[in-house]
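# Coordinate analysis (summary)
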Amino acid sequence: MGSVTGAVLKTLLLLSTPNWNRVLAGNSYNCDDPLVSTLSQASFSSSSELSSSHGPGFARLNRRDGAGGWSPLVSNKYQWLQIDLGERMEITAVATQGGYGSSNWVTSYLLMFSDSGRNWKQYRQEDSIWGFVGNANADSVVYYRLQPSIKARFLRFIPLEWNPKGRIGMRIEVFGCAYRSEVVDLDGKSCLLYRFDQKSLSPIKDVISLKFKTMQSDGILLHREGQNGDHITLELRRGKLFLLINSGDAKPPSARAPVRLTLGSLLDDQHWHSVLIQRLGTQVNFTVDGHRRRFRAQGEFSSLHLDYEISFGGIPAPGKPVSFPHKHFHGCLENLFYDGVDIIDLAKRQDPQMIVMGNVSFSCSQPQSVPVTFLSPRSYLALPGSFGEDEISATFQFRTWNKAGLLLFTELQLVSGGLLLFLNDGKLKLHLYHPGKLPSDITAGVGLNDGQWHSVSLSAKRNYLSVVVDGQVASASPSQGPEQIYSGGIFYFGGCPDSSFGSKCKSPLGGFQGCMRLISIRHEVVDLISLQPGALGNFSDLQIDSCGITDRCLPNYCEHGGECSQSWDTFHCNCANTGYRGATCHNSIYEQSCEAYKHKGNTSGFYYIDADGSGPLEPFLLYCNMTETAWTIIQHNGSGVTRVRNTNPENPYTGFFEYVASMEQLQATINRAEHCEQELTYYCKKSRLVSKEDGAPLSWWVGRTNETQTYWGGSLPDPQKCTCGLEGNCVDSQYYCNCDADRNEWTNDTGFLSYKEHLPVTRIVITDTGRPHSEAAYKLGPLLCRGDKLFWNSASFNTEASYLHFPTFHGELSADVSFFFKTTASSGVFLENLGITDFIRIELRSPAVVTFSFDVGNGPFEISVQSPTHFSDNQWHHVRVERNMKEASVRVDQLSPKTQPAPADGHVLLQLNSQLFVEISAYFGSGSSVIYNFQENYSLSKNSSSHAASFHGDTRLSRETIKFSFRTTRTPSLLLYLSSFYKEYLSVILAKNGSLQIRYKLNRYQEPDVVNFDFKNMADGQLHHVKINREEAVVFVEIDESMRRQVHLASGTELSAVRSLVLGRIIEHSDVDQETALAGAQGFLGCLSAVQVSHVAPLKAALQPSRPAPITVSGHVTESSCVAQAGTDATSRERTHSFADHSGTRDDREPLTKTIKSDSAVIGGLIAVVIFILLCIAAIAVRIYQQKRLYKRNEAKRSENVDNAEAVLKSELNIQNPVKENQKEYFF
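The numbers attached to residues start from 1 for each chain and follow its sequence in the written order. The predicted nature of this model means local features are confined to residues of pLDDT at least 70 and side-chain atom pairs, given and counted, to a pLDDT of 80 or more, with totals for whole chains, interfaces and linings taken over all residues. The basis for the side-chain values is all heavy atoms of the structure; hydrogens and waters are excluded.

### Let's talk about helix α5 (residues 663–672)
Only protein chains enter the calculation, and the probe is 1.4 Å; a residue is then buried if its accessible area is under 20% of its type maximum, exposed if over 50%, and partly exposed in between. Runs of H or I in DSSP of at least four residues are treated as helices and runs of E of at least two as strands, each being numbered from the N terminus. Along α5, the residues that are buried comprise Gln665, Leu666, Ala668, Thr669, Ile670 and Arg672. Residues count as neighbours in contact if any of their non-hydrogen atoms are within 4.5 Å of one another. The inward-facing, buried residues of α5 contact β44 (620–626), β45 (630–634), β48 (675–685) and β54 (783–786).

Here it is in structure tokens:
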């Protein structure tokens, strides 16, 4: 489809069969009956017909009557085909054909609906799609499921485009079912009052649902009041709904502020709108037309004192005084329910619980106002007036979002003058000019581009010129009025025709885009319906009997508190003072870590950090200490020394710590960091940490998980352990902590807590300072973090088929992708994610061009950034791509960004369903292995238990998820081995016959459970995929996405004290079964890909240029592809450089890579992937260090960041037994 409209429309969901899924309609009942086939001829009408045999009555689907369909006299965009269903129906689907056996068919169309056959409304999907793709030939049927369904009596099909070699031709069918409703019409002075049955009221649950339609912008929909000004009110104000909850005597005083929720916009359009209010306890849901607001009431409902009655449509009088101005609702209510009670039905039956106040009727009147929509700046409406009249007068109403545009022009007779009425900066200006005289100008109104209806009346005659806007009169002085005036005969509303028509119409600020209604000229109302057959006036690009205004700020797509404003075609976001920038305030102006600031060359100082980038968390201020490592320092309110006395278990002391950031911000910062720590010092004099009698904790601290922690500074998260216990240097070797010696002299347990999942410390509890001479003190240092594991995450791609894959990229409305790359290749794909039709792709199109391609349903778009120099220069380049509701953009390095505006009306949701590919795999040579150490086997100190669990009991697995792919031709082979300090293990092997075996030994005293897949020889050189998921004793296994099995283990439910993960050959001696031992001795020869054990990705860690400490690589392990071609030896294609022999110097701020020139389709080089929303690399390395030298070096670095708390406290507390300096630290 060549046109822009076609590009917008062509990717609507096309169903090729009528057997659709009914769930899509949102109905649990059968609502798919054909509705058109049984209608009479009189139920069809149209704008025109080509001949009597082409009339609208022949437009039934699959019928061949007459000429085989409807065709209008002239094929243009002002034609329409209309059906009258006889009563309001629920319409769930539509279907179209062309004219039978002809070249007449429609390729795109609009669908409109109405209750009365007047005041039409366009059907829209995704809040923005206005049209449907039609037919490609005369006889095939195109079906569309309507989401949501339509409730209407009249439908109108408006062709937009048709076969260029034919004319408009249509046959149609509509599917749905009967729609039943109860309706009441309120005249603006009446209301309904419902008095409750007190016994039926639920104290914790309320549900109110209704539909309404009105032409008035203000009015009370429901109201319930009580004593002291308490009330709950649902009110329409300026076309928006407000839910107001006020507690007049709420305590504390801060609770007295009323709850005010706002939803909806332009609700005075005389169309049905749905409202749902749900309360369950203190949780309240407020929903208008599918848009929902949620809030949790903080005592408002429980403190409200309300009467046992509720009114609908107004506030009955006399009654209790109401503290706000109000107006009765004028319009119709439908299906009004309060806690399941049908209010309208009770009113119709004159139930004694209902009081009807004023005049109401139980059918909905249809006001006959005819709006017209000026669709574009080229739109105009020319209406005839009278020539030579000595007065010019006109009245009308308008609504628009645009600040400027022509409203009315008329020429003056006898002189070449004219009268213009136009908007300028949201104000109305009346300008009268004629030769030889000074022009007369009047300005009236302000902010008239607010989307509301505004009334205008102008009058010009001898010595008089005035304009009235919304009842406010503005006029010129008699001296400025015209001496004489004669009307020119034609009134141009909204714009001017093309100059070729010979008109003298002027439009200095362009045409008007918006709606008008109630147009009168010389006090005579213009019948706008008569415009349609061309009997009255002339027009262009006009939509008659419909106001097509839409609120583009609902929902508000401006993120992070950005302020939304709009014009007719688009919206704008003001990002001032938000800390974000971009078209939708999506991009943070701050870096995500101190490491990022250091990379930019910043020095030590205070910086704002936005830890989640474009995510929902706000930035916060902290200190960055730019030493050799960038340290993040986050302070709290309790940094001083605090003494504690006179406490006991019944009267504990609790110290709370409040940080300069929220817990969510802290968690995001900690998660990004490579390492975090916090110094906690507990000073004691006859104050124990643990009870001697029963071992119960007497003091403890709490972290962000809100769990009690009883290990103290420097220790692993092992209960009731301190640093001196691990070092073997406690003041009393019987205990694991110095303070547990319970001596009558000052000592301490101090050190750095470094288990990230428990940080930061949020409070400390002390209970043992109530005995004589008992005293304690504590000091907590700031939270310290270093490194940014997402900033320097890197992977290397050296073959055509190398890739990484991640879960589906979810960025339906807005998302961004950012990464660094360097390469010597001339082209290749960086990343790609596909949907059914939607996709995103970022690629190096040529040596100097980076291209972002995408499709969200409106057809494919491409944006390219071209550099004057090549990107394939083996230097680092930074790419940032963003796609949001307003535009898509791509930026590379400091080059000017390129953007692609989003279409004003079209698909907006990016819907992807495949994996995101940026993958890497590894080839294992003979005898090679990768060992990932979860924990090292530390030597036991003299006051440590000889039982391994005392050190490693925290790492126990009751569940794990394992995924990997492999390709090999050798048996037996060890694919994966997970070991324990307790001689428990999990092994995945290929047996001699090529069968895949999974062996769980969860009890050292029992034989392993064996899950055997012997359906084929899996050492066949093909790529196989394995997924293992265990929940305690239940194991689910999936092979190649086709073979699935669930088994129950007999050996146990927990793998205790996990030690290491081995890929390839088992090097160390292990006490395993014979089959595992044989496979472990052989190891693995072939390719392993995407290995993941829960959150650990060992291949990624192994293939990093600077391997983290937990990884040991032996033998020939190289990056590779696991893709084998037919007839190719299973291992012959693995030819990439080895990670065992990197050479050259390395800047510790830059990942090392060794690139290989390639002209392949997938880029060679190194990508550092940093995804700011939802896209992240789920591989977290867990590591533990033992070396004292490393601890001393880190202690020296810490001294640059934290004051020497121990020296201060020695002086203050007269410490008699200082802690030794040589403390051991463990990084976890």
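### Considering unusual backbone geometry
The bulk of non-glycine residues show a negative phi, and the bulk of peptide bonds are trans. The amide bond that connects Leu554 to the next residue, Pro555, takes the cis arrangement and shows omega of -5°. Topologically, Pro555 is positioned in the loop between β38 (542–544) and β39 (563–566). If you check the backbone angles, Arg522 has positive phi at about 55° while not being a glycine. Positionally, Arg522 belongs in the loop between β35 (514–521) and β36 (524–525).

### Things to note about the sheet that holds strand β78 (residues 1111–1114)
By definition, two strands form a pair when at least two bridges between them are found by DSSP. Ordered in space as β72-β71-β70-β69-β76-β67-β78, the seven strands form an open sheet in which the pairing is antiparallel. A single partner strand is all that each edge strand has here, and the edge strands are β72 (1009–1013) and β78. The sheet shows a mean angle of 10° between the axes of neighbouring strands, taken without regard to direction. Two strands pair when backbone bridges link them, and strand β71 (residues 996–1001) and β72 are joined in this way by five bridges, in the antiparallel orientation. Of the residues in β72, the one forming a bridge with Leu996 is Phe1013. The sheet contacts of helix α8 (residues 1074–1082) involve β69 (973–980), β70 (985–990) and β71, and relative to β70 the element is tilted by about 65°. Axis angles are defined between N-to-C directions and span 0 to 180 degrees, where every axis is a line fitted to C-alpha atoms and, for a helix, only to the segment in contact.

### Quick word on a nonpolar patch on the surface
Only residues whose relative accessible area exceeds 30% and that form no salt bridge enter a patch; like-charged residues are grouped when within 9 Å of one another, and nonpolar side chains (Val, Leu, Ile, Met, Phe, Trp, Tyr) when within 5 Å. Working definition of accessibility: Shrake-Rupley area with a 1.4 Å probe, residue cover restricted to the visible protein chains. We count a salt bridge whenever a side-chain nitrogen from Lys or Arg sits within 4 Å of a carboxyl oxygen from Asp or Glu. On the surface, a cluster of nonpolar side chains totalling about 320 Å² of accessible area is made up of Phe606, Tyr608 and Leu621. Position of Tyr608 relative to the elements: it lies in strand β43 (residues 605–609). With a relative accessible area of 37%, Tyr608 lands in the partly exposed category.

### Focus: the packing of aromatic side chains
Aromatic pairs are defined between Phe, Tyr and Trp rings, using the six-membered ring for Trp, whenever the two ring centres lie within 6.5 Å; interplanar angles under 30 degrees are classed as stacked, those over 60 as edge-to-face, and all others as tilted. Under the definition given, this model contains 33 aromatic pairs. Residues Tyr653 and Tyr778 carry aromatic rings whose centres are separated by 6.0 Å and whose planes lie at 45° to one another, so their mutual orientation is tilted. With Tyr653 in strand β47 (residues 653–656) and Tyr778 in strand β53 (residues 775–780), this pair connects stretches of sequence that are 125 residues apart. Between Tyr682 and Trp712 the ring centres are 5.4 Å apart and the planes differ by 55°, which places this aromatic pair in the tilted class. A residue pair is termed long-range when its members are at least 10 positions apart, and Tyr682 in strand β48 and Trp712 in the loop between β50 (708–709) and α6 (723–727) qualify at 30 residues. The buried category is assigned to Tyr682, whose relative accessible area is 0%.

### Focus: α8
Of the positions making up α8, those classed as buried are Thr1076, Ala1079 and Gly1080. Here the buried residues of α8 occupy an arc of 100° about the axis, which is enough to place them on one side. Tucked inside the fold, the buried residues of α8 contact β69, β70 and β71. N or O atoms within 3.5 Å of each other form a polar contact, as long as, within protein, one can give a hydrogen and the other can take it, and as long as residues adjacent in sequence are counted only when both atoms are side-chain atoms. You can read the cap of α8 off the contacts: a side-chain oxygen lies 3.2 Å from the backbone nitrogen of Glu1075, and it is on Asp1073. Phi turns positive one or two residues past the end of α8, at Gly1083, with a value near 80°. Note: the arc covers the axis-to-C-beta directions of the helix.

### A look at the pattern of salt bridges
On inspection of all chains with the given rule, the structure shows 42 salt bridges. Across the pair Lys348 and Glu182 runs a salt bridge, and its minimum N-O distance is 3.0 Å. Of this pair, Lys348 sits in helix α3 (residues 343–348) while Glu182 sits in the loop between β8 (171–178) and β9 (183–187); the two residues are 166 residues apart in sequence, bridging distant segments of the chain. With a closest N to O distance of 3.3 Å, Glu309 and Arg195 form a salt bridge. Here Arg195 lies in strand β10 (residues 191–195) and Glu309 lies in strand β19 (residues 309–312), a separation of 114 residues in the sequence. What emerges from the salt-bridge pattern is a single network uniting Lys686, Arg688, Asp742, Asp768 and Arg771.

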